[in-house]
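Summary of structural features
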Amino acid sequence: MLTIAAARPGPYSFDLSTTALLVIDMQRDFLEPGGFGESLGNDVGQLRRTIGPLVALMADARAVGLSILHTREGHLPDLSDCPPAKLSRGAPSKRIGDPGPKGRILVRGEYGHDIIDELTPLPDEPVIDKPGKGAFHATNLDVLLTERGIRSLLVTGVTTEVCVHTTVREANDRGYECLVLADCVGSYFPEFHRVGLDMIAAQGGIFGWVADSAQVRAALP
Ligand code: C5J
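Residues numbered from 1 in each chain as written. Predicted model: local features only at pLDDT ≥ 70, side-chain atom pairs only at ≥ 80, totals over all residues. Heavy atoms only, no water.

1. Let's talk about helix α4 (residues 51–63)
- Taking 1.5 Å per residue, 13 residues should reach 18 Å; α4 reaches 18 Å between its end C-alpha atoms and fits that length.
- Those residues of α4 not exposed but buried are Ile 51, Leu 54, Leu 57, Met 58 and Ala 61. Buried residues of α4, viewed axially, fall in a sector of 125°; they line one side.
- Gly 65 occupies a position one or two residues after α4 and carries a positive phi of about 80°. (Helix = DSSP H or I, 4+ residues; strand = E, 2+ residues; numbered from the N terminus. Expected span 1.5 Å × (residues − 1). Buried < 20%, exposed > 50% of the residue type's maximum accessible area, 1.4 Å probe, protein only. Arc of directions from axis to C-beta.)

Encoded structure:
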């Protein structure tokens, strides 16, 4: 059993054999200069600061044989898996499926939809395509985790208050324990990031725990 003593709201203990690293939506369109996220006026630097810590964490996780699973938010080219309520949102000229700077926005198979080069998954690491904000909605993530005997998740990725938060809430309701790594999650809005993390650890850890990746890396064998 490994313990992160400095986690919020208190120590987080986990067993390597029942823990997985979940990397949420580290996609070009959210993170890269010139991508969809930046074209909406967002500062991608707020998300890009997660890349360095994640590269280091993934290397250490691979070295100790920790399971790593990646997700991508996006839709089928015919958008049949995109509910009208989601499709009709956003700036009218830049909606899901429209042409964007790196291909059709949030459409599977497009360049911008894929994971950034720095974090390319290894061939044996599952990549879960999800149509929603939460990684459990309409995916086989629960099955993949159950098959691997996973009960605890180290949660990373973007964005803190949207897909990370939704996934942590879904995981919590399914009985998984979540440690969210503050330096490996990011938001275009620093205030949402800060409050999003506070919300997870509030009330004795109502959805999970929060720590930094350096604390996890120091605890790994
Ligand atoms: C994610 C979003 N991944 N903000 N998507 O958080 O729309």
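2. Description of the packing of helix α7 (residues 160–173) against helix α8 (residues 190–205)
- Relative orientation of the contacting elements α7 and α8 amounts to 15°, with a least axis distance of 10 Å. As summarised for this structure, α7 and α8 are arranged roughly parallel, according to the angle between their axes. Between α7 and α8 lies a crossing whose hand is right-handed. Residue-level inspection shows Thr 160, Glu 161, His 165 and Arg 169 of α7 in contact with α8, the latter providing Phe 192, His 193, Gly 196, Leu 197, Met 199 and Ile 200.
- Taken together, the residues of the contact of α7 with α8 sort by class into four nonpolar, four polar and two charged. (Axes fitted to C-alpha atoms, helices over the stretch in contact; angles between N-to-C directions. Parallel < 35°, antiparallel > 145°, perpendicular 65-115°, else oblique. Left-handed = near helix turned anticlockwise from the far one by under 90°. Contact = heavy atoms within 4.5 Å. Nonpolar A, V, L, I, M, F, W, Y, C, P; charged D, E, K, R; others polar.)

3. Some words on the site of the ligand
- Every residue lining the ligand is accounted for by Asp 25, Phe 30, Glu 73, Lys 133, Val 158, Thr 159, Val 162 and Cys 163.
- Asp 25 is positioned such that a nitrogen or oxygen atom in its side chain is 2.8 Å from a nitrogen atom of the ligand.
- Here the ligand has 230 Å² of accessible area as a free molecule, and 85% of this is covered by the chains.
- Taking a 2 Å distance to the grid points as the criterion, the majority of the atoms of the ligand fall inside the largest pocket. (Near = heavy atom within 4 Å. Polar contact = N/O pair within 3.5 Å; in protein donor to acceptor, adjacent residues only side chain to side chain. Areas by Shrake-Rupley, 256 points an atom, 1.4 Å probe, with all protein chains shown as cover. 1 Å grid on protein atoms, 1.4 Å probe; cavity = no way out; pocket = protein on both sides within 12 Å on 5 of 7 lines; lining within 4 Å. Sits in = over half its atoms within 2 Å of the grid points.)

4. Things to note about the pairing of strand β8 (residues 152–158)
- Counted residue by residue, β8 has seven buried out of seven residues, so it is predominantly covered.
- Neither face of β8 is exposed, since Ser 152, Leu 154, Thr 156 and Val 158 on one face and Leu 153, Val 155 and Gly 157 on the opposite face are all buried.
- By the bridge criterion, six bridges tie strand β3 (residues 19–24) to β8 in an arrangement that is parallel. Looking at the pairing, Leu 21 lines up with Leu 154 of β8.
- Relative to strand β9 (residues 177–186), β8 is paired through six bridges, and the arrangement is parallel. Counterpart to Val 158 in the pairing with β9 is Gly 186.
- Read as a crossover between parallel neighbours, the route from β8 over α7 to β9 is right-handed. (Pairing = 2+ DSSP bridges. Right-handed = clockwise from strand over helix to strand, strands pointing away.)

5. Describing the sheet that holds strand β10 (residues 209–211)
- The six strands lie next to each other as β7-β4-β3-β8-β9-β10, forming an open sheet whose pairing is parallel. Strands at the two margins of the open sheet, each flanked by one partner only, are β7 (127–130) and β10. The average angle at which neighbouring strand axes cross in this sheet is 25°, direction not considered.
- In the sheet, β3 pairs with strand β4 (residues 67–73) via five bridges, with the strands oriented parallel. Counterpart to Ala 20 in the pairing with β4 is Ser 67.
- The sheet strands contacting α8 are β9 and β10, and the helix crosses β9 at an angle near 165°.

6. Regarding α8
- The terminal C-alpha atoms of α8 lie 21 Å apart, and with 16 residues this matches the ideal 22 Å at 1.5 Å per residue to within 8%.
- Those residues of α8 that fall on the buried side of the exposure criterion are His 193, Gly 196, Leu 197, Ile 200, Ala 201 and Gly 205.
- For α8, the secondary structure elements touched by its buried residues are α7, β9 and β10.

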